[in-house]
Every structure is written in structure tokens, then in C-alpha cells.
Amino acid sequence: MNKKQLKEYTGSFSKPSKMPGYSYGLPAWECQTGGKLSKIKGTVCYDCYAKKGFYAMYKTVKEAQYKRFKAIDRPKWVYMMASQINLFKTKEFRWHDAGDIKSVKHLLKIFKVCKLTPGVKHWMPTKEAQYLKKIPVNRVPKNLIIRLSGTNVDGPAGKFWKWTSTVTTNPKKATCPAPKQGGKCLDCRKCWSRKIKNITYLKH
């Protein structure tokens with residue numbers, strides 16, 4: 001199948017200007033844990049970026065996110081996703097520049113996609129700890145890093161998962177270099193590296 005046919009089945013990939021490679025964004029309105037946190041001041045999800053700006057401004061963006069969200073349950077989604085990623089010949093892929101996993105079944109499907117794209121490094125941030133707790137860490141494909149996102153701004157990292165991320169208001173504590181690089185990753189790949197146990201992002 002060609003890219004157009006694959007895109008029609010799975011929904012399109014996004015190309016965030018900040019980072020390398022492609023991403024697969026889902027509707028933040030469907031986040032389970034994030035949806036609850038978005039109503040609580042002081043959490044990393046409060047005033048969610050993925051529910052405003054161009055995400056909310058353009059009807060087509062939200063429609064595309066919901067198309068992807070529904071496509072996940074289609075029978076050939078794993079194969080079609082892997083085929084599309086391989087066709088793009090990208091070295092890095094980010095799962096969910098918006099939105100999050102919706103079930104253990106969804107997470108296991110992502111594992112299968114990663115196994116079918118061995119030449120690609122995958123990164124997935126998530127707040128859905130309840131699903132990670134049901135998956136032994138050794139089941140995660142070697143080319144996928146899942147980072148459990150901390151709950152509160154200036155708060156601690158999650159305890160039970162091996163790789164994490166946190167958000168700070170203190171520039172001296174931030175380990176993500178993007179704010180000093182015009183908001184871009186450039187040659188940094190810390191988020192995709194299993195050697196980096198925690199990434200601390202500067203709140204913006």
C-alpha cells in the first residue's frame with residue numbers, strides 16, 4: 001500500500017517543528033488521568049496546551065486527532081502503522097504529542113508496532129500509570145522508551161517506573177535544552193535515550 005492508503009486507514013502523522021521525526025497525536029479531550037488533572041491547579045496538565053491554540057482553533061486538527069483515536073481499534077491498525085512509519089524512513093518517532101494511551105490493549109498494540117519498526121527509536125510520555133502497572137518493564141520493546149510523567153509542576157518523579165519526566169519552573173533544574181535552543185531539540189535525543197532516567201522540562 002502507498003502512503004495515501006495507509007494514511008487513510010490510520011490517520012495522518014504530525015511533524016512537530018520542535019523535534020525530529022514524526023508523531024501521532026490523539027485528542028487531549030479523551031485523556032483519562034490527564035482529563036482529571038487538567039482541572040487541578042498546580043498539575044502539569046492544568047491549562048492543557050493540547051486543548052487550546054491551533055489544537056482548538058482549527059476544526060481539522062481536532063477531527064484528525066479523533067480519526068486516529070478511532071482508527072486504533074481497527075483490525076489492521078498495527079500493520080498499517082508499522083508500514084507507514086517504515087515508509088517515512090524516520091529515525092525517531094514520538095507517540096502522542098497530544099493525548100495518551102486509552103487501555104492496556106492500546107499499549108500492547110504500540111509494542112507490536114515498535115517491534116515491526118526495529119530501525120526506529122520510539123518515545124512515549126504517559127500519565128496513565130494504571131496501565132503501566134499491568135505491564136512488566138521487560139515487556140517493553142528495546143526500541144521504545146516510555147516515560148511516566150510527574151503529576152505536579154515542581155513535584156517529584158513517579159516512583160514505580162524506570163523512566164520518568166518532570167516539569168519545573170526553575171531554569172537551573174531543567175535538563176531539556178530546548179528553551180536555550182529556540183524551543184527545538186536540534187541534536188538532542190535525551191527523551192529517546194534509556195540511559196537518561198529522568199528528563200526535567202521547563203514549564204512554558
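Residues numbered from 1 in each chain as written. Predicted model: local features only at pLDDT ≥ 70, side-chain atom pairs only at ≥ 80, totals over all residues. Heavy atoms only, no water.

K.L.:
I'm lost on the overall build of the protein in this one. Help?
P.N.:
Helix and strand counts for the protein come out as seven helices and six strands. Compactness check: the protein gives a C-alpha radius of gyration of 16 Å against a globular reference of 17 Å for 204 residues, within 12% of the reference. Each principal axis of the C-alpha atoms in the protein carries an extent, and together these give about 50 × 40 × 35 Å. A total of 204 residues make up the protein; the buried ones form 48% of that total. A separation threshold of at least 6 residues defines the contact pool for the protein, and within that pool the share at least 24 residues apart is 70%. Each charge class in the protein was averaged separately, 44 positive and 11 negative side chains, and the resulting centres sit 6 Å apart. (Helix = DSSP H or I, 4+ residues; strand = E, 2+ residues; numbered from the N terminus. Rg over C-alpha atoms; globule rule 2.2 N^0.38 Å. Buried < 20%, exposed > 50% of the residue type's maximum accessible area, 1.4 Å probe, protein only. Contact = heavy atoms within 4.5 Å. Lys, Arg positive; Asp, Glu negative; His and termini not counted. Charge placed at Lys NZ, Arg CZ, Asp CG, Glu CD.)

K.L.:
Looking at this model, I keep getting lost on helix H1 (residues 3–10). Mind explaining?
P.N.:
Residues spaced three or four apart along an α-helix face the same direction, because each turn holds 3.6 residues. Those residues of H1 not exposed but buried are Leu-6, Tyr-9 and Thr-10. An end-on view of H1 places all buried positions within 80° of arc, on one side of the element. Residues of H1 that are exposed and point more than 90 degrees away from the buried face comprise Lys-4 and Glu-8. Summarising the contacts, the buried residues of H1 are in contact with strand S1 (22–24), helix H4 (59–71) and helix H5 (77–88). Backbone geometry just downstream of H1 places Gly-11 in the positive-phi region, at approximately 95°. (Arc of directions from axis to C-beta.)

K.L.:
What is the right way to look at the packing of aromatic side chains in this model?
P.N.:
For any pair of aromatic rings, geometry is given as the distance between the ring centres together with the angle between the planes. Under the definition given, this model contains eleven aromatic pairs. Arranged with centres 5.1 Å apart and planes meeting at 65°, the rings of Phe-93 and Trp-95 form a pair that is edge-to-face. The same class applies to Phe-93 and to Trp-95, which are both buried. With centroids separated by 5.1 Å and ring planes inclined at 70°, the aromatic side chains of Trp-123 and Trp-192 adopt a geometry described as edge-to-face. Placement of the pair is Trp-123 in strand S3 (residues 121–126) and Trp-192 in the loop between strand S5 (164–168) and strand S6 (198–202), with a sequence separation of 69 residues. The buried category is assigned to Trp-192, whose relative accessible area is 6%. Aromatic ring contacts, followed pair by pair, group Phe-13, Tyr-22, Tyr-24, Trp-77, Phe-88, Phe-93 and Trp-95 into a single cluster. (Phe/Tyr/Trp six-rings, centres within 6.5 Å; stacked < 30°, edge-to-face > 60°.)

K.L.:
Looking at this structure, how should I read the environment of Val-104?
P.N.:
Mapped onto the elements of the fold, Val-104 is located in helix H6 (residues 104–115). When the C-alpha atoms of Val-104 and Phe-88 are compared, they prove to be 27 Å apart, with 16 residues separating the residues in sequence. Ignoring sequence-local partners within four residues, the contact set of Val-104 consists of Tyr-131, Lys-134 and Ile-135.

K.L.:
Would you mind going over the pattern of salt bridges with me for this structure?
P.N.:
In a structure, side chains of opposite charge can pair up when their charged atoms sit close to one another. Considering all chains together, one arrives at three salt bridges under this definition. Between Lys-102 and Asp-73 there is a salt bridge whose closest N-O contact spans 3.1 Å. Of this pair, Lys-102 sits in the loop between strand S2 (92–95) and H6 while Asp-73 sits in the loop between H4 and H5, and the two are 29 residues apart along the sequence. Lys-102 gets classed as buried once you look at its relative accessible area, which sits at 17%. We classify Asp-73 as exposed; its relative accessible area is 54%. (Salt bridge = Lys/Arg side-chain N within 4 Å of Asp/Glu carboxyl O.)

K.L.:
Please explain the packing of H1 against H4 as it appears in this structure.
P.N.:
In a pair of packed helices, the angle between the axes and the distance between the axes together describe the arrangement. Between H1 and H4, the least distance of the axes is 7 Å, while the angle of their chain directions is 80°. On the basis of the axis angle, H1 is roughly perpendicular to H4. Of H4, the residues touching H1 (which contributes Lys-7, Glu-8, Tyr-9 and Thr-10) are Lys-67, Arg-68 and Ala-71. In the contact of H1 with H4, the residues fall into two nonpolar, one polar and four charged. (Axes fitted to C-alpha atoms, helices over the stretch in contact; angles between N-to-C directions. Parallel < 35°, antiparallel > 145°, perpendicular 65-115°, else oblique. Nonpolar A, V, L, I, M, F, W, Y, C, P; charged D, E, K, R; others polar.)

K.L.:
Can you walk me through the sheet that holds S6 in this structure?
P.N.:
Two strands in a sheet stick together by hydrogen bonds in their backbones, pointing the same way (parallel) or opposite ways (antiparallel). With parallel pairing, the six strands of this open sheet are ordered in space as S1-S2-S3-S4-S5-S6. Looking at which strands have only one partner, the edges of the open sheet turn out to be S1 and S6. Direction aside, neighbouring strands of the sheet carry axes that sit 25° apart on average. Judged from the five bridges that link them, S5 and S6 form a sheet pairing that is parallel. Note on S6: the bridge partner recorded for Ser-165 is Ile-199. Where H6 meets the sheet, its contacts fall on S2, S3 and strand S4 (144–149), and the angle it forms with S4 comes to roughly 145°. (Pairing = 2+ DSSP bridges.)

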